[in-house]
Amino acid sequence: MNEGPLIVQSDKTLLLEVDHELASDCRKAIAPFAELERSPEHIHTYRLTPLGLWNARAAGHDAEQVVNVLLSFSRYAVPHALLVDVAETMARYGRLRLDKHPVHGLVLSSTDRAVFEEVLRSKKVAGMIGDRLDPDNVAVHPSQRGNLKQALLKLGWPAEDFAGYVDGEAHKIELEQDGWTLRPDQQEAADSFWHGGSGVVVLPCGAGKTIVGAAAMARAGATTLILVTNTVSARQWKAELIKRTSLTEDEIGEYSGARKEVRPVTIATYQVLTMRRKGLYPHLELLDARDWGLIVYDEVHLLPAPIFRMTANLQARRRIGLTATLVREDGREGDVFSLIGPKRYDAPWKDIEGQGWIAPADCVEVRVTLPEGERIAYATAEPEERYRLASCTYAKTLVAEKLVAQHRGEPTLVIGQYLEQLDELAEHLDAPVIKGETTVKERERLYAVFRTGEIQLLVVSKVANFSIDLPEAAVAIQVSGSFGSRQEEAQRLGRLLRPKADGKTARFYTVVSRDTVDADFAQNRQRFLAEQGYAYRIVDAGDL
Amino acid sequence: MPTATPRTLAEQLRDWPDERLATLLAERPDLATPAPHDSSQLAARVVVKASVLRALDLLDSLELAVLQALVQGADPAEVVSASQPAVRRAEERLAALALVWGTPARPVLVVGDLLRMPEGLPVAEAAGLLEGLAPQGRAILDHLEEQRADGRWGGAAGPTADLVATGLLVRRDDHHVTIPWNVRLALHGDRSTVEVEQAPELAVAERAQSLVDRAAAGAAFEFVRRTELLLDRWSTHPPPALKGGGLGVRELRVAAQLLHVEIGVAALVIETASAAGLLAQGMTDEPEAAWLPTETYDVWQTGSTAHRWVALARAWLTNPRLASAVGGRIGDKPVNALSPDLERSWLVALRADALSALDELGEGQSLAAGTGIPSLVERLRWRRPRRPAARLKQVVPLLGEAALLGVSGLDAVSGFGRDLVEGRDPVNALAGLLPTPVDHVLLQADLTAIAPGPLEQELARRLALVADVESRGGATVYRFASTSVRRAFDAGWSAAEVHEFVAETSRTPVPQSLSYLIDDVSRRFGTLRVGHADSFLRSDDETALTELLHAPGADTLRLRRIAPTVLVSDLALGVLLPRIRELGLAPVVEAADGTVRVARPDVFRARSLRRRTTAATQVRTAAHTAAVVTAIRAGDRTSSARPSRGRSVSTPADVIALLREAAEAGGSLVIGYVGNDGTVVERTVEPQRVEGGQVTAYDARSDGTRSFAIHRITAVSRPDANPNQDSEKS
């Protein structure tokens, strides 16, 4: 019997034994076509999905290679049906292709006439195509390029897009590596994006996604539109770009609720683009305001549905998506694939941590017991009230107080969901609080003094979940969250993962009420991180 | 062979040595059942048409050609396209099968009847005609010759009619035409066939035997695993059996989903399990029959994977059921798995032939991609030319089944598959190829446990209790969840046992999150207790309850204290209450909603029975109670009162009129009444009321008032004036 590190399951999961001597070779071999699903301590689980296999085809791998990799690393016999399925799935990609045409603009063609007929007869596709040029070619209206790709993916016949990209208006952007250098993984991420043309780069929070974005912009050397989640994040992007590239303050515009500047590099928030007035999106024309050469989507896993629709019209422009997790709670990973592009780069968090590029983190779940009185209140509460009651117990405030005292001297964030709880905490801990109603100016001021170390403690609501760069934060205490959201948990941990100057381990505490829905949700929230190898330690509040 | 020429077939058989006779009976087993008395009887059986037909089906193309030549009275050595020794061997085999006998060999008569072709025009003439033949006609002849079949013809003009007219085809009956013998000879240049000496070559490719064995062992392992998975599932969730005996399409689809396979594969698993006796119809608590694993399954399960595979593979080898038809349609009827109409008597022989043809591949050889299987089909066609060609369509699905079972792999026979086909024991060869069972799992902090190979059975069973299976295959991924841990507690495990079990089976340290999960579940497990009691006693005065518990005679009350202020008893309230009162206590009864019921003296009431008040009951009661005499006398009266001259009416309007009249006037009538049993009875009645289609009347026969349905009254007449009537009326 072969002694390979890989076990191929009949349900298309691949189990990789991490401690095996061939494990790292095997990981490299399967990474192009298999999606890493979980990476806990001993056995990593990959999954073969049509998307993953098509990603591999897009990157130039063929079924023969995939089958060969599976056979050569597999410990046991590989289920025959699975091999057949791999070959069949991969053969589906590229039977249809989109090309530029000098007369008709865009043409969908096929080498397989049966498939072509099947696709053209589909109702979903019917409205997007124009005249049949000959039996194997049909004209496509350029504006339908994205929609068509999306529809074809749903039909299971993804089209290979050879129509290329417009160069956009040239604008010189260079990385200025003084005092820092582009890390090899960042370089690789930017390169694989560029070779693919469009796509998504998956890197953990704190691993420098902004820098990958900047590197991509430097490669493009063209005017760039950057879409980010909120205004604070927009300003951070701006500051970072000024610091890392040859761009100057005047070249970068902010397009948000507060300001509407259109400059060679424009940073816009999702919110302003998706703002509706009388059923129209008045700010959508920003997308056509300049001849953009590159569009950067920050936190692509949060991309709202209207932006997807807009993106469908932007298929001629290069697009890069940046994210820490491709987990979308709404399951629209397929839309990301067809509209932004295939995944171009991915690395397990623990690997990056092992390289020292993100700080190691210690995750601790602190269990508190509801006081008797609250237990009764909880037991008799309406189901929809229970989570709030369990989340906001006073016992958590006491634990937070204790933890803050323990970590005095280390920059600490207390993160919560419910405003009254945050206010109570702020009062108890005598710390400033940032929540939705806090003005942008005030927020920036508070972040700034936190960065400089003037204050060591901030109480924040979910407004600080994403894209807030607080490199020094070393301790986070999460007292409540939005139900079972896995990506929120990952994002919050991400706040701590910037490598620390002294290489210290970050601490992530999540305070959970025992025997309540809070504990159930916590388990769901932790699942993504546990699968990324972040094992939670459980501590009783009394043992702190 | 004996030197003397035998006079009869019986004589020849009598002279045969024993082993030769044994060979004959082995090849033609139908001759031996029941055992013939003597050679004469055997000889008589040998020439029976049904038996001969079977024997003919055993012949290969060469033997058939030789026999055909003998039938036509030609010398096989001259007309059959094969070498002399080959022809001689074929003749010997024909003799061994007793299809020909005597010296020189001649076919038994019935063979001649079955095979003889019309002679047709002379060969030379036929050859001449063939030369000048139009391509269309030639194509028809070539096709018929190649297929060795008769052509259908309706008599219409056309190329076939032309061929018949020239004599190149001969009409066999009204609808069929056939090629005559001489035309056949002319077609092949004085030979009766194309070259038939050698079986067609198989198209082969090189393939390392180790790869074949590995792939096949993987398939074998999967097949056993799937069978077990499915039957385990069906142990607890048995699918209902259809009325016709099969398994519903939906159930099959569910099974396929469970196994992560296509419908056809699931059908094969199910059919093979059934053939191996692991699955049968049985009864559950539901009223309908269901498909259940059998007791044999329990025994089967305890064997090693290799043993289990052998049981399945042997069952498959001899399974006459056409599993590949499941999911399709025969006619316009969908074919269900396990349905009784899937048996094909010829399937076992075809499977054996296909496998033996595959078995002829050497070590390191496999069927070539694309051309391999057609070449195998050709070889089978040569070997069994008389079998209906349509059956050969089943060769492809049969080979697919062989691959799924692991008898073959990568289009070649596996080592252990060869053992199976050739009748040796494949267990050892297979066991060496299967993954060795592991006795440990790897526990991880995301609450999964991974068994990096097939688990030992007992361990797998226990682990499946504590954790849910998430993914199967060579390895198994288990996930611990609060529900799964609770399941173990429900099955009687203690928290300590669960802890000990996971620590014991894990090769890695038990993650803290798992320990906490087990403790969390155990803490909540049993917080609520559910039990059964027929009555309860509660009191705010705890001492009063203690007193009651210890009162003399209280042990008969079967009281149990479940809280300081609550006692329960499994005696019903009606029994308990008086006994407590006997003890001198004064309990108050609580209603179901918690309110107190006011005490009052016990008044007993029987539950009122609903009485049937229909006429039938009355009649029955009357029949039970009234004296038989009364009935007899009433009968007498009826007969004596039979109206001899009185006006009898039978139309509905008249009947109602007369009844009304009698009811008004008082007086009796004789009616013809259709009873429940359909017979018409005459009765003397005194109508009292006529309404709603009913007549209420005094019936003298049953001595009571009853109703009669008017539509059942066939006729009414006035009785003759009779002195008795007046006296009866009083």
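Everything here concerns the structure above.
Residue numbers run consecutively from 1 along every chain, following the written order of its sequence. Chains and ligands are labelled by the order in which they are written, letters from A for the one and numbers from 1 for the other. Restriction of local features to residues with pLDDT of at least 70 applies here, the model being predicted, together with a cutoff of 80 or more for giving and counting side-chain atom pairs; totals for whole chains, interfaces and linings are based on all residues.

Asker: Help me understand the nonpolar core in this model?
Answerer: Burial of nonpolar side chains together is a common tendency in soluble globular proteins. For our purposes the nonpolar core covers buried Ala, Val, Leu, Ile, Met, Phe, Trp, Tyr and Cys residues that link as a set through C-beta atoms within 7 Å. Partly exposed residues are those whose C-beta has more than 12 but fewer than 20 other C-beta atoms within 10 Å; with 20 or more the residue is buried, with 12 or fewer it is exposed, and the C-beta atoms are placed from the backbone. Ranked by internal contacts, the top residues of the largest apolar core, which has 254 residues, are A:Val201, A:Leu227, A:Ala400, A:Ile477, B:Ala220, B:Ala266 and B:Ile270. Counting from the N terminus, the helices are the DSSP runs of H or I reaching at least four residues and the strands are the DSSP runs of E reaching at least two. In terms of residues, this core owes the most to one element, helix α13 (residues 209–236) of chain B, which gives 12 residues. In this structure A:Leu227 touches A:Ala268, A:Tyr270, A:Leu273, A:Ile295, A:Val296, A:Tyr297, A:Asp298 and A:Ile307, once residues within four positions along its chain are discounted. Counting 44 residues, the second largest nonpolar core, distinct from the first, contains B:Leu42, B:Val66, B:Ala69 and B:Val196. Our contact criterion uses C-beta atoms placed from the backbone: two residues qualify when those atoms are within 7 Å.

Asker: Mind showing me how you'd approach the environment of A:Glu88 here?
Answerer: Mapped onto the elements of the fold, A:Glu88 is located in helix α4 (residues 80–92). A:Glu88 sits 38 residues away from A:Pro50 along the chain, and the two C-alpha atoms are 10.0 Å apart.

Asker: Is there a simple way to think about the packing of α13(B) against helix α17 (residues 305–317) of chain B in this case?
Answerer: Geometry of a packed helix pair, given as the angle between the helix axes and the separation of the axes. Residue and element names in this part refer to chain B. Axes here refer to lines fitted to C-alpha atoms; in helices the fit is confined to the stretch in contact. Angles between the N-to-C directions go from 0 to 180 degrees. Axis separation between α13 and α17 bottoms out at 10 Å; the angle between their running directions is 80°. Overall, the two elements α13 and α17 adopt an arrangement that is roughly perpendicular. For the pair α13 and α17, the contacting residues are Ala 220, Phe 221, Phe 223, Val 224 and Thr 227 in the first and Thr 305, Arg 308, Trp 309 and Leu 312 in the second. Residues are grouped as follows: Ala, Val, Leu, Ile, Met, Phe, Trp, Tyr, Cys and Pro are nonpolar; Asp, Glu, Lys and Arg are charged; all remaining types, including Gly, are polar. Its residues assigned to classes, the contact of α13 with α17 comprises six nonpolar, two polar and one charged. Comment on the angle field: the value is read as roughly parallel under 35 degrees, roughly antiparallel over 145, roughly perpendicular from 65 to 115, and oblique elsewhere.

Asker: Would you mind going over helix α25 (residues 495–505) of chain B with me for this structure?
Answerer: An α-helix turns once per 3.6 residues; consequently, residues spaced three or four apart project the same way. Residues and elements named next belong to chain B. Among the residues of α25, Val 498, Val 502 and Thr 505 are the ones counted as buried. Projected down its long axis, α25 carries its buried residues within an arc of 80°, all on one side. Facing away from the buried side of α25, by more than 90 degrees, are the exposed residues Ala 496, Glu 500 and Glu 504. On its buried face, α25 sits against β14 (442–443), α23 (457–466), α24 (482–490) and α26 (512–524). Each C-beta atom gives one direction from the helix axis, and the arc is the one those directions make.

Asker: Got a minute to help me understand the interface of chain A and chain B in this structure?
Answerer: Reports of interface size often rely on the accessible area that becomes lost once the parts have come together. If you look at the interface, chain A gives 29 residues, while chain B gives 27 residues. Among the secondary structure elements, those contributing two or more residues to the side of chain A that touches chain B are β1 (6–8), β2 (13–17), α4, α22 (517–531) and β23 (536–540) of chain A. Partitioning the side of chain A that touches chain B into residue classes produces 15 nonpolar, five polar and nine charged.

Asker: So what exactly am I meant to see when it comes to the pairing of strand β20 (residues 457–460) of chain A here?
Answerer: All names here are of chain A. Burial along β20 is two-sided: the residues Leu 457 and Val 459 and Leu 458 and Val 460 are all buried. As defined by bridge partners, strand β18 (residues 412–415) adjoins β20 across four bridges and the pair is classed as parallel. The residue of β20 that forms the bridge with Ile 415 is Val 460. Following the chain from strand β19 (residues 433–434) across helix α20 (residues 440–452) to the adjacent parallel β20, one finds a crossover that is right-handed. Two strands are counted as paired when DSSP detects at least two bridges linking them. A crossover gets the label right-handed when its path from the first strand over the helix to the second runs clockwise, viewed with the strands pointing away from the viewer.

Asker: Please explain the sheet that holds β14(B) as it appears in this structure.
Answerer: Working definition: the strands of a sheet are paired by backbone hydrogen bonds and lie parallel or antiparallel to each other. Residues and elements named next belong to chain B. On the basis of which strands lie adjacent, the open sheet formed by four strands has the order β14-β15-β17-β16 and antiparallel pairing. At either margin of the open sheet sits one strand with a lone partner, and together these are β14 and β16 (468–471). Two elements, β14 and strand β15 (residues 448–451), share two bridges in a ladder whose sense is antiparallel. If you follow Leu 443 over to β15, its bridge partner there is Ala 449.

Asker: I'm lost on the packing of helix α8 (residues 184–196) of chain A against helix α9 (residues 209–220) of chain A in this one. Help?
Answerer: All names here are of chain A. At a closest axis distance of 9 Å, the pairing of α8 and α9 adopts a crossing angle of 45°. With respect to each other, α8 and α9 are oriented oblique. The interaxial crossing formed by α8 with α9 has right-handed handedness. Between α8, through Gln 186, Gln 187, Ala 189, Ala 190, Phe 193 and Trp 194, and α9, the contact on the second element is made entirely by Ile 211, Val 212, Ala 215, Ala 216 and Arg 219. Partitioning the contact of α8 with α9 into residue classes produces eight nonpolar, two polar and one charged. Two helices crossing with the near one rotated counterclockwise from the far one by less than a right angle form a left-handed crossing, whereas a clockwise rotation gives a right-handed crossing.

Asker: I keep staring at the sheet that holds strand β28 (residues 713–717) of chain B and nothing clicks. Help me out?
Answerer: All names here are of chain B. What the six strands build is an open sheet, ordered β23-β28-β24-β25-β26-β27; its pairing is antiparallel. The sheet is open, and its two borders are formed by β23 (648–649) and β27 (704–709), each paired with just one other strand. Note that strand β25 (residues 680–691) and strand β26 (residues 694–699) share six bridges and pair antiparallel. When the sheet's bridge partners are listed, Pro 687 is paired in β26 with Ala 697.

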